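These are the residues of each chain, in order.
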Amino acid sequence: MAVAHGQSRLSLWGGGVHPYGISHKKMGMWLFILSDALTFSALIFGYAYLRNASANWPTPFHIFPSILVSTLMTFCLLSSSLTMVLAVYNAQHGRNAAAAKWLYATIAGGVAFLVLHLNEWRTLIGEGMTVRANAWGDSMFGGTFFTLTGMHMFHVLTGVIYLGVMAYRITRGRTDAEGVEVSGLYWHFVDLVWMFIFPLVYLMSVDMGGGH
Amino acid sequence: MSHGAEPGDSHKIESMKVNYIVWVWLLAVTLIEVFLAYIKVPIHIMLIALIGLSIFKAALIVSWFMHIKFERRSLVLTLIPALTICILLLNVVFPDSFRLKKMAVNRTEKASHAATEVHP
């Protein structure tokens, strides 16, 4: 590092081989998260733009079962984030078997989320909702809903596969604690995105009475 | 924020206690959000409340679960302001949605007016 011996404190922008004090692997994940955050922001703003421009945007979700189920999905993701932290914690303290166990618990949370979400899609499709039409109002609702939640679901699925690979690798000593931590960054990001989709798409679309 | 100079110096999670507390906070805020929907708060208040609570939850996740609280400040200053500005800039086209809505309403009113003239 660009720090002379005897210098009392590090220069904030001192540069050097590792100017941010993290590995290139971790920096790469942060940069990926930055770009992915912009992708999701664009999709959410697209949804908000079309919703605000519409005179008859649908509010098809009822507290029971839609909001209850999506709250359960939120619980699954939030809890899987906690188990992910436990995986990193154990990996950092050299307990690789425990780290793998918590990674599998995280995967279980992700799979539960996927199952509940796909079931919800199935119900909506059963009610006649497609990307181009629905029975409740503005036809753009289906397109934006499936794109936004589908993109998120794809990220959860990718995360489940990624964490599966990491669990396999840490069990066999082919990765270290930092590898688990970097995969954790991705998983927490997927959780974070849902913290915006859940309120803005589901809770803001609760049927306020008067049917669809 | 830590000033760890080398990658190997990155902060380890010493205790899980604070992470459990963060998890409980995240669940509690989620329940507050659902409660707001349940009692059917007026939509504009709901929107502001939900955005505020979501940003609070995101800050908890990024700070504690994603551990950025313990990274060097230079990393935080590189990532967060740039992302925030870019996200805010995405908003520049949003006011156009009000114009579209006004056009849609005018179109509906004209159609209804024309129908009244044809069948008084």
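Because the structure is a prediction, the values reported are computed rather than measured.

Remarks on the overall build of chain A
For chain A, the helix and strand inventory stands at five helices and zero strands. Traced from its N-terminal end to its C-terminal end, chain A shows the element sequence α-α-α-α-α. Scored against the burial criterion, the 212 residues of chain A give a buried share of 42%. Of all intrachain contacts in chain A linking residues separated by at least 6 positions in sequence, the fraction that spans at least 24 positions is 73%.

What to know about the overall build of chain B
Secondary structure summary: chain B contains four helices and zero strands in total. Written out in order from the N terminus, the α and β elements of chain B read α-α-α-α. Here the C-alpha radius of gyration of chain B, 24 Å, is well above what a compact globule of 120 residues would show, namely 14 Å. Put simply, chain B has 120 residues, and 18% of those count as buried. Pairs at least 24 residues apart make up 67% of the contacts formed inside chain B by residues separated by at least 6 positions.

Looking at the nonpolar core
Counting residues in hydrophobic clusters, the biggest one holds 66 residues, and the most contacted among them are Ala87 and Leu103 of chain A. Secondary structure elements with two or more residues in this core: helix 1 (24-53), helix 2 (63-92), helix 3 (96-126), helix 4 (140-171) and helix 5 (177-202) of chain A together with helix 1 (17-38) and helix 2 (43-65) of chain B. In terms of residue count, helix 5 of chain A provides more of this core than any other element does, 17 residues in total. Setting aside residues up to four positions removed in sequence, Leu103 of chain A forms contacts with Ala87, Leu163, Met166 and Ala167 of chain A.

Considering the packing of helix 2 of chain A against helix 5 of chain A
The description of two helices packed together rests on the angle between their axes and the distance between the axes. All names here are of chain A. With their axes 9 Å apart at the nearest point, helix 2 and helix 5 run at an angle of 165 degrees to one another. One finds that helix 2 runs roughly antiparallel with respect to helix 5. The handedness of the crossing between helix 2 and helix 5 comes out as left-handed. Along its contact with helix 2, which presents Ile67, Ser70, Thr74, Leu77, Leu78, Ser81, Met84, Ala87, Val88, Ala91 and Gln92, the element helix 5 presents Ala177, Val180, Glu181, Gly184, Trp187, His188, Asp191, Trp194, Phe198 and Tyr202. Partitioned by chemical class, the residues of the contact of helix 2 with helix 5 number 13 nonpolar, six polar and two charged.

Regarding the interface of chain B and chain A
Counting from both sides, the interface comprises 50 residues of chain B and, opposite them, 47 residues of chain A. Taken together, the elements giving at least two residues each to the side of chain B that touches chain A come down to helix 1, helix 2, helix 3 (73-89) and helix 4 (96-118) of chain B.

Remarks on the packing of helix 5 of chain A against helix 2 of chain B
Helix 2 of chain B packs onto helix 5 of chain A with a crossing angle of 170 degrees between their chain directions and a minimal axis gap of 9 Å. Between helix 5 of chain A and helix 2 of chain B, the crossing angle belongs to the class labelled roughly antiparallel. Along the contact surface, helix 5 of chain A presents His188, Asp191, Leu192, Met195, Phe196, Pro199 and Leu200 of chain A, while helix 2 of chain B presents Leu50, Ser54, Lys57, Ala58, Ile61, Val62 and Phe65 of chain B. Across the contact of helix 5 of chain A with helix 2 of chain B, the residue classes break down as ten nonpolar, two polar and two charged.

Observations regarding helix 3 of chain A
Working note: α-helix, 3.6 residues per turn, so residues spaced by three or four point in the same direction. All names here are of chain A. For helix 3, with 31 residues, the first-to-last C-alpha span of 45 Å sits near the 45 Å given by 1.5 Å per residue. Of the positions making up helix 3, those classed as buried are Asn96, Ala99, Ala100, Trp102, Leu103, Thr106, Ile107, Gly109, Gly110, Phe113 and His117. Of the surrounding elements, those touching the buried residues of helix 3 are helix 2, helix 4 and helix 5. Positive phi shows up at Gly128, right after helix 3, with a value of about 95 degrees.

Focus: helix 5 of chain A
The terminal C-alpha atoms of helix 5 of chain A lie 36 Å apart, and with 26 residues this matches the ideal 38 Å at 1.5 Å per residue to within 8%. Across the 26 residues that make up helix 5 of chain A, a large majority, 23, are buried.

Comments concerning the confidence of the model for chain B
All names here are of chain B. For chain B, mean pLDDT is 88; residues scoring 70 or higher make up 90% of the total. By mean pLDDT, helix 4 is the weakest element of chain B at 85, and helix 1 is the strongest at 97. In the predicted structure, residues 1-5 sits below a pLDDT of 50 and forms 21 contacts with residues beyond four places in sequence or in another chain. Two numbers describe this predicted complex: its pTM, 0.89, and its ipTM, 0.89.

Considering the environment of Lys57 of chain B
Its place among the elements puts Lys57 of chain B in helix 2. A count of 25 C-beta atoms within 10 Å places Lys57 of chain B in the buried class. Here the alpha-carbon distance between Lys57 of chain B and Val29 of chain B, two residues 28 residues apart in the chain, equals 7.6 Å. Once you skip the residues sitting within four places of it in the chain, Lys57 of chain B turns out to touch Met195 of chain A together with Leu26 and Val29 of chain B.

Topic: the confidence of the model for chain A
Low-confidence regions, as indicated by low pLDDT, have predicted coordinates that should not be scrutinised in detail. Model confidence for chain A is summarised by a mean pLDDT of 91, while 92% of its residues fall at 70 or above. A low-confidence stretch, residues 1-8 of chain A stays under pLDDT 50, and its non-local contacts, those more than four residues away or across chains, total twelve contacts.

Cut-offs applied
- Sequence order as written defines the numbering, with residues in each chain counted from 1.
- Written order determines the labels here, with chains lettered from A and ligands numbered from 1.
- Totals for whole chains, interfaces and linings use all residues, but because this is a predicted model, local features are given only for residues with pLDDT of at least 70 and pairs of side-chain atoms are given and counted only at 80 or more.
- Here a helix means four or more residues in a row that DSSP labels H or I, a strand means two or more in a row labelled E, and each is numbered from the N terminus.
- The exposure label follows from counting other C-beta atoms within 10 Å of a residue's C-beta, where the C-beta atoms are placed from the backbone and the thresholds are 20 or more for buried and 12 or fewer for exposed, leaving partly exposed in between.
- In this description, any two residues whose backbone-derived C-beta atoms lie within 7 Å of each other are considered to be in contact.
- Within these notes, the globule rule equals 2.2 Å times the number of residues to the 0.38 power, and the radius of gyration is based on C-alpha atoms.
- Think of a nonpolar core as buried Ala, Val, Leu, Ile, Met, Phe, Trp, Tyr and Cys residues chained together by C-beta atoms that fall within 7 Å.
- What counts as an axis is a line fitted to C-alpha atoms, over the stretch in contact for a helix, and the angles between N-to-C directions run from 0 to 180 degrees.
- Each angle is binned into one of four classes, with values under 35 degrees roughly parallel, values over 145 roughly antiparallel, values of 65 to 115 roughly perpendicular, and all other values oblique.
- When the near helix sits turned anticlockwise from the far one by under a right angle, the crossing is termed left-handed; a clockwise turn instead gives a right-handed crossing.
- Three classes are used: nonpolar for Ala, Val, Leu, Ile, Met, Phe, Trp, Tyr, Cys and Pro, charged for Asp, Glu, Lys and Arg, and polar for all others, with Gly counted as polar.
- What a helix should span is 1.5 Å times the count of its residues minus one.
- Known as pLDDT, the predictor's per-residue confidence is scaled from 0 to 100.

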